[in-house]
Amino acid sequence: MDSMTTANLIATVDLDAIAHNVGVLGERSGAGVIAVVKADGYGHGAVPVAKAALAAGAAAIGTASIREARELRAGGVDGHVMTWLHRPDSDFAGAVADRLDIGISSPRQLDAVVAAARAAGTTAIVTVKVDTGLARSGVAAEEWDAAASAVAVAVAEGAVELSGVMCHLVFGDEPDNPFNDVQAERLDAAVADLTKRGARPRIVHMANSPAALARPDLARDLVRPGIAVYGYSPIPSMGDFGLVPAMTLETQVSLVKNAEQGQGVSYSHTWHAPTDTVLGVIPAGYADGVPRSLSGRLQVHIGDRLFPNVGRICMDQFVVDLGPDGGGVAEGDRAVLFGPASAAPGERVPTATDWADALGTIDYEIVSRIGSRPERRYVGGPSGQTQEG
Ligand SMILES: *Cc1c(COP(=O)(O)O)cnc(C)c1O
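Owing to the predicted nature of the structure, the values given are computational and were not obtained by experimental measurement. (Residues numbered from 1 in each chain as written. Predicted model: local features only at pLDDT ≥ 70, side-chain atom pairs only at ≥ 80, totals over all residues. Heavy atoms only, no water.)

**Q** I keep staring at the pattern of salt bridges and nothing clicks. Help me out?
**A** Pairing is possible between side chains that carry opposite charge, provided their charged atoms lie close to one another. Scanning the entire structure with this criterion turns up 19 salt bridges. Notably, a salt bridge pairs Glu71 with Arg67, separated by 3.0 Å at the nearest N-O pair. Taken as a pair, Glu71 and Arg67 lie in helix α4 (residues 66-74) at a separation of 4 residues, close to a single helical turn. Relative accessible area serves as the criterion here: at 63%, Arg67 is assigned to the exposed category. (Salt bridge = Lys/Arg side-chain N within 4 Å of Asp/Glu carboxyl O. Helix = DSSP H or I, 4+ residues; strand = E, 2+ residues; numbered from the N terminus. Buried < 20%, exposed > 50% of the residue type's maximum accessible area, 1.4 Å probe, protein only.)

**Q** Looking at this structure, I do not really get the packing of aromatic side chains. What am I missing?
**A** Any pair of aromatic rings gets described here by the distance separating the centres and the angle formed by the planes. Under the criterion given, the structure shown has 4 aromatic pairs. An angle of 35° between the planes, with centres 6.1 Å apart, marks the rings of Tyr42 and Tyr364 as tilted. Here Tyr42, found in helix α2 (residues 38-42), pairs with Tyr364, found in helix α11 (residues 363-368); they are 322 residues apart in sequence, far enough to count as distant. Judged by relative accessible area, Tyr364 falls into the partly exposed class, the value being 31%. Arranged with centres 5.1 Å apart and planes meeting at 90°, the rings of Phe338 and Trp355 form a pair that is edge-to-face. Here Phe338, found in strand β18 (residues 334-338), pairs with Trp355, found in helix α10 (residues 352-359); they are 17 residues apart in sequence, far enough to count as distant. (Phe/Tyr/Trp six-rings, centres within 6.5 Å; stacked < 30°, edge-to-face > 60°.)

**Q** Explain the environment of Ala147 here, please?
**A** Following the sequence through the fold, Ala147 ends up in helix α7 (residues 144-157). Here the alpha-carbon distance between Ala147 and Asp111, two residues 36 residues apart in the chain, equals 9.7 Å. In this structure Ala147 touches Pro107, Leu110 and Val139, once residues within four positions along its chain are discounted. (Contact = heavy atoms within 4.5 Å.)

**Q** Explain the layout of surface pockets here, please?
**A** To find leftover empty space, a probe the size of one water molecule is rolled over the atoms. In this structure, the largest pocket spans a volume of roughly 620 Å³. Lining the largest pocket are 33 residues, and of these Asn208, Pro210, Ile227, Ile362 and Tyr364 lie nearest its centre. Every element with two or more residues in the lining of the largest pocket is listed here: α2, α9 (209-214), α10 and α11. Here the lining of the largest pocket spans two domains, since at least three of its residues come from each of domain 1 (16-229) and domain 2 (247-361). Volume-wise, the second largest pocket comes out at about 170 Å³. Lining the second largest pocket are 14 residues, with Gly231, Tyr232, Ser233, Pro245 and Thr353 positioned closest to its centre. Its residues assigned to classes, the lining of the second largest pocket comprises 4 nonpolar, 6 polar and 4 charged. (1 Å grid on protein atoms, 1.4 Å probe; cavity = no way out; pocket = protein on both sides within 12 Å on 5 of 7 lines; lining within 4 Å. Points joined across faces, edges and corners; volume = space filled by probe spheres on them. Domains from an automatic or database assignment. Nonpolar A, V, L, I, M, F, W, Y, C, P; charged D, E, K, R; others polar.)

**Q** Just checking my understanding: could you explain helix α8 (residues 178-196) for this structure?
**A** One turn of an α-helix holds 3.6 residues; hence residues three or four places apart share an orientation. Across its 19 residues, α8 extends 27 Å between first and last C-alpha, which sits within 8% of the 27 Å expected from 1.5 Å per residue. When α8 is considered as a whole, its buried residues turn out to be Asn180, Gln183, Ala184, Leu187, Ala190, Val191, Asp193 and Leu194. Packed against the buried residues of α8 are β6 (124-129), α7, β7 (160-166) and β8 (203-205). The distance from a side-chain oxygen at the start of α8 to the backbone nitrogen of Phe179 is 2.8 Å, and the residue carrying that oxygen is Asn177. Count one or two residues on from α8 and you reach Gly198, which has phi positive near 90°. (Expected span 1.5 Å × (residues − 1). Polar contact = N/O pair within 3.5 Å; in protein donor to acceptor, adjacent residues only side chain to side chain.)

**Q** Help me out: how do you make sense of the nonpolar core in this one?
**A** Within soluble globular proteins, side chains that are nonpolar generally end up buried alongside one another. Counting residues in hydrophobic clusters, the biggest one holds 114 residues, and the most contacted among them are Val128, Ile282, Ile302, Phe318, Leu337 and Phe338. Residue-level mapping places this core at the junction of two domains, with at least three residues from each of domain 1 (16-229) and domain 2 (247-361). Not counting residues up to four positions away in its chain, the partners in contact with Ile282 are Thr251, Val253, Val300, Ile302, Asp316, Gln317, Phe318, Val320, Ala335 and Leu337. (Core = buried A, V, L, I, M, F, W, Y, C linked by side-chain atoms within 4.5 Å.)

Laid out in structure tokens, this is it:
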């Protein structure tokens, strides 16, 4: 880490790890990869991740909202970008102007897209998102006929170019669940129906990270992984699949101070020093995505050792117990909250997955909640150059 930094907490993102993971996903699935970069690239930074993924051979980039997709365009991402979750008043005109592939989940969304295309005197690029059983977004079975015939009309009129047909799996992380095959059959039937109506899609996709890695037979033309792009195993019981986590969350020890036996630490003095000890202040808190509910259950890697958080995690800072001898820790020492950062033999740097396990959630939630306050620092990547973001 450079000695000069503007933010207290740094999320270092290894773009070579992103490229490596895109390669793993393509190889294991045998299909092209749509790298999902919603929620600011699961907290990693959408624009640099999208550029790294495309440079590594990803076929396309996926986002939830039109806003996220347009931010990619504004950031210089020129490739195939698709977006699939909209409000009735979403910026379809902007999506058409930016040549986004717009996923539609109802005849009303298709109408809005067609109207935007007509107003602009151009053709909209559309993917039909089919609800094959997740019962979330996607065209409902009861609306399929209306949606499919409207798509066929729009394609025949030249208002719409049908790019793809997609659905999202309910049990992607249970590779053997028979419902995966039910959804695949329903998706294939939707593709056949559209084709029969004269609207044949160019690309079909349903597989998220776990399915891309564990069910290559579900890959149609493309797979659509998110979390695995960032290096986290979507099915931990099946191992790491050779994925490499891209993010290291790190800072420096801000302050070292002595505490006498009995000293209470942080708000409400929920922890008292059992002996005379040395405390280290870590300038990271829940506003940076360090969950307050991890208070007392978090370990920080400093100088090849792990030190426990004591007392409450606050908005901007928390405290670790360095022990009576101070653990050899000095102000300014590198403190890794989680990472793939290397550790001494026999030591283990905590991971985002450890945090998620402790909290009873998934690592998706940990990384996507690293907010805008921590600085993103990029290493590796297409230009091979370190960038700040
Ligand atoms: C988030 C999302 C993905 C990626 O899911 P992962 O489990 O992170 O691989 C794929 N498709 C859709 C529609 C999504 O919303």
